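# Residue-level structure breakdown
Each chain, written out:
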Amino acid sequence: LPVLPIGVHGERGLIGLCICSDLFFPEITKPLALRGADVLVCSAASPTPSRSHFEAVFPARALETTCHVLFTNLAGAQDTALFWGVRMPLSRAACR
């Protein structure tokens, strides 16, 4: 069975949820926007070497979906991995 992207209805509308590398695939975020999501929230545990990839694709999802996008990443170290802790909100208006 196909898995649909997850959306949660909040007081102010539909919130689309994605995790980690879901953000790299418009096939995941676009259906949420088409179903009426106003905000996309993505939580990740991305090690530092992939930071530039996430920073490049993050604005693209806001632009193509016309949604506000909130991105957060794990901070600190675990075993040998170092994570670049961040929280980045991006308004859809910033992409126009």
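Basis of the calculations
- Residues numbered from 1 in each chain as written.
- Predicted model: local features only at pLDDT ≥ 70, side-chain atom pairs only at ≥ 80, totals over all residues.
- Heavy atoms only, no water.
- Helix = DSSP H or I, 4+ residues; strand = E, 2+ residues; numbered from the N terminus.
- Rg over C-alpha atoms; globule rule 2.2 N^0.38 Å.
- Buried < 20%, exposed > 50% of the residue type's maximum accessible area, 1.4 Å probe, protein only.
- Contact = heavy atoms within 4.5 Å.
- Areas by Shrake-Rupley, 256 points an atom, 1.4 Å probe, with all protein chains shown as cover.
- Lys, Arg positive; Asp, Glu negative; His and termini not counted.
- Charge placed at Lys NZ, Arg CZ, Asp CG, Glu CD.
- Phe/Tyr/Trp six-rings, centres within 6.5 Å; stacked < 30°, edge-to-face > 60°.
- Arc of directions from axis to C-beta.
- Pairing = 2+ DSSP bridges.
- Axes fitted to C-alpha atoms, helices over the stretch in contact; angles between N-to-C directions.
- Polar contact = N/O pair within 3.5 Å; in protein donor to acceptor, adjacent residues only side chain to side chain.

## Concerning the overall build of the chain
Assigned secondary structure in the chain consists of two helices and seven strands. In terms of overall dimensions, the chain is globule-like: its C-alpha atoms have a radius of gyration of 14 Å, near the 12 Å expected for 96 residues. Going through the 96 residues of the chain one by one, you find that 31% of them count as buried. Taking the intrachain contacts of the chain between residues at least 6 apart in sequence as the baseline, contacts between residues at least 24 apart amount to 61%. Surface summary for the chain: the accessible area is close to 6,100 Å², and the carbon and sulfur share equals 63%. Distance between charge centroids for the chain: 8 Å, based on 8 positive and 7 negative side chains.

## Some details on the packing of aromatic side chains
Applying the stated criterion across every chain yields a total of five aromatic pairs. Consider the rings of phenylalanine 58 and phenylalanine 71, whose centres lie 5.9 Å apart with planes at 50°: the pair is tilted. Of the two residues, phenylalanine 58 sits in helix α2 (residues 51-65) while phenylalanine 71 sits in strand β4 (residues 68-73), which places them 13 residues apart along the sequence. The pair phenylalanine 58 / phenylalanine 71 is uniform in exposure class, with both members buried.

## A closer look at helix α1 (residues 26-34)
Looking at α1, one finds that the buried residues are Thr29, Leu32 and Ala33. One face of α1 carries all of its buried residues, which in axial projection span an arc of 100°. Residues of α1 that are exposed and point over 90 degrees away from its buried face: Glu27 and Leu34. Packed against the buried residues of α1 are β1 (6-10), β2 (13-19), β3 (37-44) and α2. Glycine 36 sits one or two residues past α1 and shows a positive phi near 105°.

## Looking at the sheet that holds β3
The strand order across the open sheet formed by five strands is β1-β2-β3-β4-β7, and the pairing between neighbours is mixed. Looking along the sheet, the strands with just one partner apiece sit at the ends: β1 and β7 (86-90). Strand-to-strand twist in this sheet, taken as the mean axis angle between neighbours without regard to direction, amounts to 20°. Packed on one face of the sheet, α1 meets β1, β2 and β3 and runs near 150° to β3.

## Overview of the side chain of asparagine 73
Here asparagine 73 lies in strand β4. When its relative accessible area of 6% is taken as the criterion, asparagine 73 is described as buried. A distance of 2.7 Å separates a polar side-chain atom of asparagine 73 from the backbone nitrogen of serine 46. Residues within four places of asparagine 73 in sequence aside, it is in contact with Ala44, Ala45, Ser46, Phe83, Trp84, Gly85 and Val86.

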